[in-house]
Structures are given as structure tokens and as C-alpha cells.
Amino acid sequence: MKYIPDGLRRLWHRMGSPRWFYETTGSWVPWLAASAALLLGVGTVWGLAYAPPDYLQGDSFRIIYIHVPAAYLAQAGYMLMAVCGVVLLVWRMKLADMVMATVAPVGAAFTFLALATGSIWGKPTWGTYWIWDARITSVLILLFLYLGIMGLRRAIERPEAAGRACAILAIVGVINIPIIKYSVDWWMTLHQPATFSVTSAPAMPPVMWIPLLLNVLGFNLLFAVSVIQGTRTEVLLRERRTRWVTDLCRQERA
Amino acid sequence: MSFDSFGEFLAMGGHGFYVWWSYLLTVAVVGFVLIWPLWRRRRFLAEQRGRLRRADALGQQAEVESNAPEA
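Caption draft 1: Here's a closer look at the overall build of chain B. The helix and strand inventory of chain B stands at 3 helices and 0 strands. Sequence-ordered secondary structure for chain B, helices as α and strands as β, is α-α-α. Taking all 71 residues of chain B together, the buried fraction comes to 15%.

Caption draft 2: Fine view of the interface of chain B and chain A. At the interface, 34 residues of chain B touch 36 residues of chain A. For the side of chain B that touches chain A, the secondary structure elements donating two or more residues are α2 (16-57) and α3 (64-67) of chain B. Broken down by element, the side of chain B that touches chain A gets its largest block of residues, 23 residues, from α2 of chain B. Residue classes in the side of chain B that touches chain A are distributed as 23 nonpolar, 6 polar and 5 charged.

Caption draft 3: Fine view of the packing of helix α4 (residues 64-91) of chain A against helix α7 (residues 159-173) of chain A. Residues and elements named next belong to chain A. In the contact formed by α4 and α7, the axes pass within 8 Å of each other and the chain directions differ by 130°. With respect to α7, the axis of α4 lies oblique. Between α4 and α7 lies a crossing of left-handed hand. Contacts between α4 and α7 involve M81, A82, G85, V86, L88 and L89 from the first element and G163, R164, C166, A167, A170 and I171 from the second. The class makeup of the residues in the contact of α4 with α7 is 9 nonpolar, 2 polar and 1 charged.

Caption draft 4: Highlighting the environment of W20 of chain B. Of note, W20 of chain B is situated in helix α2. Taking the C-alpha atoms as reference points, W20 of chain B and E8 of chain B, separated by 12 residues in sequence, lie 13 Å from one another.

Caption draft 5: Region of the structure containing the environment of D133 of chain A. Mapped onto the fold, D133 of chain A is located in the loop between α5 (94-126) and α6 (134-155). Separated by 54 residues in sequence, D133 of chain A and W187 of chain A have C-alpha atoms that sit 8.8 Å apart.

Caption draft 6: How the structure looks around the confidence of the model for chain A. Of the residues in chain A, 98% reach a pLDDT of 70 or more, and the chain-wide mean stands at 92. Here helix α1 (residues 6-15) of chain A stands out as the element of chain A with the lowest mean pLDDT, 79, in contrast to α4 of chain A, whose mean of 97 is the highest.

Caption draft 7: A look at the nonpolar core. All names here are of chain A. Core analysis: the biggest nonpolar cluster contains 71 residues, and A74, M81 and M100 have the highest contact counts within it. It is α5 that contributes the most residues to this core, 18 residues altogether. In this structure A74 touches G107, F110, T111, A114, V139 and L142, once residues within four positions along its chain are discounted.

Caption draft 8: α5 of chain A, seen in detail. Residue and element names in this part refer to chain A. Taking 1.5 Å as the rise per residue, α5 with 33 residues should run 48 Å; its terminal C-alpha atoms sit 46 Å apart, in good agreement. Taken across its 33 residues, α5 has 27 buried, putting it largely inside the fold. Positive phi appears at G127, one or two residues downstream of α5, with a value of about 85°.

Conventions and cut-offs
- Residues numbered from 1 in each chain as written.
- Chains lettered and ligands numbered in written order.
- Predicted model: local features only at pLDDT ≥ 70, side-chain atom pairs only at ≥ 80, totals over all residues.
- Helix = DSSP H or I, 4+ residues; strand = E, 2+ residues; numbered from the N terminus.
- Buried ≥ 20, exposed ≤ 12 C-beta atoms within 10 Å, placed from the backbone.
- Contact = placed C-beta atoms within 7 Å.
- Nonpolar A, V, L, I, M, F, W, Y, C, P; charged D, E, K, R; others polar.
- Axes fitted to C-alpha atoms, helices over the stretch in contact; angles between N-to-C directions.
- Parallel < 35°, antiparallel > 145°, perpendicular 65-115°, else oblique.
- Left-handed = near helix turned anticlockwise from the far one by under 90°.
- pLDDT = per-residue confidence, 0-100.
- Core = buried A, V, L, I, M, F, W, Y, C linked by C-beta atoms within 7 Å.
- Expected span 1.5 Å × (residues − 1).

What follows is the structure in C-alpha cells.
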């Protein structure tokens, strides 16, 4: 740690303080929520009403504007949980455990949404609601990982032990993320390949992919709002015996 | 605009059922994800306030710290 500059080290220590997190992030939420509403409003209206229909799939392709952001967040949320797991195991940072506990149900909700919208989209496109395609199966495993982590936390009584067990499961489960990503290349599957890639231009015209980009950004902000609010609540719950939380409870109008 | 009338917009070229169910589900999931942490916070604050009020009435302010049950 001696190579890390003093300022950075101070920031790192402050970030580890649940109280600092609670007091700092409260004012971010309205701005994040307003930006999310704006992006999702424009992206969704554009995608539903103004983007042209797909030449093969017709108007059912408009499900892409929620399916892709949901699937993206399902995986990003899992990665965030695993990173928090590493931070918890290496630095014993309590805040990381609180974020990890908060992300699990949110990530599970978006994984469910990705599976559900994909299933609905599958009916008009492939003729079936469900098939044991490699992509779909690996995302279903992702949902089970989320549910497993949530169950593990409830099953272990001591919070420190529960946090460590969840961290280990989250880190081991990361192996599923590249499997999800490459499943469409490794196996011959029904699922179409990625819409966006870093190395090449999208195969869609801009009038179709710009609203998708807006919705992906909007869903990200929405996810941030939920995780920040959830973590703030988690901070209060776990620090309820401290002076600053009892004082806050006396003042706050709920 | 990709549609000529509101009726056509709702019909989604015959795929209205699939498109609108997907969007309805999304609204439900997003609503849950946004409201759940606020609901938990509200419940926690109400509980704590009740507990603190009772403790204050009994003049046992110092007991607050040790009386909090496990969540």
C-alpha cells in the first residue's frame, strides 16, 4: 500500500465508512433519477414509435429496447457483486458487503426480466417460448446464482460469516459470465450475436441503435438509483445501534 | 413515426401481444426495484422511531443501544 498516494488512500478509507456513503450519496439520487427518466423516456418512445420495423421480425423486434438493457444489467450487476466480494475478502470493507447484499435482489430482478422478455420475444421469432439454447441456459444459471447468494445470506446467522460466504460464491460464479458472453459463438444456437461491439459498427442503422443506447444508459442510471437507495437503507439497518443513526431516526420524517 | 394511426401502434403489426406484455413486465420489475428499498427504509424508520419513543418515555435512553433486536 505504500506506493499509493496519500490523497487516494484517504479517499479509500472514507469510502469504507458507511456513514460517509449515507451522507454523500443522498443528494445524488434526484439527479440520477431525473437523468434516467429523461433517457428512458426518449429512448422508449423513439424505439416503440419512431424506429422502423425490422425487415425480418417486424415490430416484435421493439422488445430489444428493454431486453438488451436488462440482460446487460443482469451481468454487470453480477460483476459488481463479485468485485465487492473481492474488496470484502481482501480489505474487510463493510460497505462492500452492504452493496453486495443490496445488488443481489436487484440483479436477480433484471435477470428475470431478461429471461422473461427474451422468452416472450422468442414466441413470434423462433416459434417457442422456451428452448434449452446455450445463451438462455447460461442466463438461467445466472438467475440461480443470484438466488443462491440471496439464500446463503439468509441461511447464515452471523453477518460477517454470511458476507464472506456470499463473497466466495459470487467470485466463483464469475466463471459463468464469459460463458454467457461466448455461448453464442461456442455453440450453434438460436440466439443472435451481440448488437454492440467495441471493435465494429452496429449492424443496425442509427435510427434503430441510438434509442437502444439511450435505454441502456437509462437502465444503468436506474440500477444506480436502486442500488444507492438500497445500500443507504442497508447502512441504516446495520448501523442502527450507533448514535448517528438513532439521532437520524429521531429527526427524519418518513 | 413508424405507424399511421394509434390503432396500428397498439397492434404492432400483429405482434402487439408480445410487445406490450414485455413492456408491462418491465414497468412492474422497474417499479419493484425502485420502490422496494424506499419501502424498507420507511419501515425501518417507523420501527426505530416507535422503539426510541418508548425508550424515551421510560427514561431509559441508555438502553436503546442494547435493546435493538436482530433484524
